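# Structural description and commentary
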Amino acid sequence: MNKKFIFGLISVAVVLLFWFFAKPPLEDLWSRFMDFVNPRHYSDIVREKWSNKSSSFLINKLNHPSIVYSGAATTILRARNNNTMDETDKIMHIIKNGRNYRGRYLALSILFFWDKQKAIDLSMEIIRSGRKHPLYEDALLHLAHIKYEPAFPYVIDLAKSPDKYNNGSIMLLEEFGKPEAIPILEEMLKDPNVLRIDKNAVRDAIKSIKEKNE
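Residues numbered from 1 in each chain as written. Predicted model: local features only at pLDDT ≥ 70, side-chain atom pairs only at ≥ 80, totals over all residues. Heavy atoms only, no water.

## With respect to the packing of helix 7 (residues 116-128) against helix 8 (residues 136-145)
It is at 9 Å that the axes of helix 7 and helix 8 come closest, and there the two elements cross at 135 degrees. The orientation of helix 7 relative to helix 8 falls into the category oblique. Handedness of the crossing formed by helix 7 with helix 8: left-handed. From helix 7, I120, S123, M124, I126 and I127 reach across to helix 8, where they touch Y136, A139, L140 and L143. When grouped by side-chain class, the residues that make up the contact of helix 7 with helix 8 number 8 nonpolar, 1 polar and no charged. (Axes fitted to C-alpha atoms, helices over the stretch in contact; angles between N-to-C directions. Helix = DSSP H or I, 4+ residues; strand = E, 2+ residues; numbered from the N terminus. Parallel < 35°, antiparallel > 145°, perpendicular 65-115°, else oblique. Left-handed = near helix turned anticlockwise from the far one by under 90°. Contact = heavy atoms within 4.5 Å. Nonpolar A, V, L, I, M, F, W, Y, C, P; charged D, E, K, R; others polar.)

Given below as structure tokens:
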């Protein structure tokens, strides 16, 4: 085989490989630069550049390393209510098998807008799998936001665990807004080792829950 032809094939392969691996980080750098020089960069993408893009195109951007691109895609997808079964399946696939954490939790947030029952079922599946699941606290937060009662016992368990001050349980209890959470939060204030910033968060949560139940 002609050496020039072989060299040409190798060169093309190298260029394609470089483009495949280098394109996402280069786009990330470009989006950060544009976000810095143009305060409207994000809104321009949402309102103009990507507003008419297909849902499949936007779904493919959820795993993009650029928080501008993945965030813009999420904003647009959340507002769409004419999604197909295939698009919903793609979102669920990212949640279950996505290659990065950000893409997975963004996809979970979209699913709550698209199909609330599927989102609830999948979130409960995540929670039952245990705290090692990367989306455990995200799933709980979504369920707390909609006051989904079956998730509340899991929040109580978090609030009684050794890492209760940094596992999100204070925020989750506040989000649920249930009066039975107040004694648990008041017990936290009795801990002599709790930091002032954590005590303030606990007091704010207690105040918020009391106001919600007046």
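Still more ground to cover, so stick around.
## Points about the packing of aromatic side chains
Enumeration over the complete set of coordinates arrives at 4 aromatic pairs. Here W50 and F57 contribute two aromatic rings whose centre-to-centre distance is 5.3 Å and whose plane-to-plane angle is 85 degrees, an arrangement assigned as edge-to-face. A residue is classified by how much of its surface remains accessible, and W50, at 9% relative accessible area, is buried. Judged by its relative accessible area of 26%, F57 is partly exposed. Between F152 and F176 the ring centres are 5.0 Å apart and the planes differ by 70 degrees, which places this aromatic pair in the edge-to-face class. Highlighted residues: F152 in helix 9 (residues 152-159) and F176 in helix 10 (residues 169-176), separated in sequence by 24 residues. F152 sits in the buried class, given a relative accessible area of 8%. Accessibility expressed as a relative area gives 4% for F176, which makes it buried. Grouping aromatic residues by their ring pairs yields a cluster made of W50, F57 and Y69. The side chain of K53 reaches across the aromatic face of F57, ending 4.8 Å from its centre. (Phe/Tyr/Trp six-rings, centres within 6.5 Å; stacked < 30°, edge-to-face > 60°. Buried < 20%, exposed > 50% of the residue type's maximum accessible area, 1.4 Å probe, protein only. Lys NZ or Arg CZ within 6 Å of the ring centre and 35° of its normal.)

## Things to note about the nonpolar core
Of all hydrophobic cores here, the largest spans 55 residues; its most connected members are I91, I95, L173 and L185. With sequence-adjacent residues up to four places away left out, L185 is seen in contact with I170, L173, V202, A205, I206 and I209. (Core = buried A, V, L, I, M, F, W, Y, C linked by side-chain atoms within 4.5 Å.)

## Quick notes on unusual backbone geometry
If a residue is not glycine, its phi is most likely negative; likewise, a peptide bond is most likely trans. In this model, K147 sits at a positive phi of 60 degrees, which is unusual for a non-glycine residue. Within the secondary structure, K147 sits in the loop between helix 8 and helix 9.

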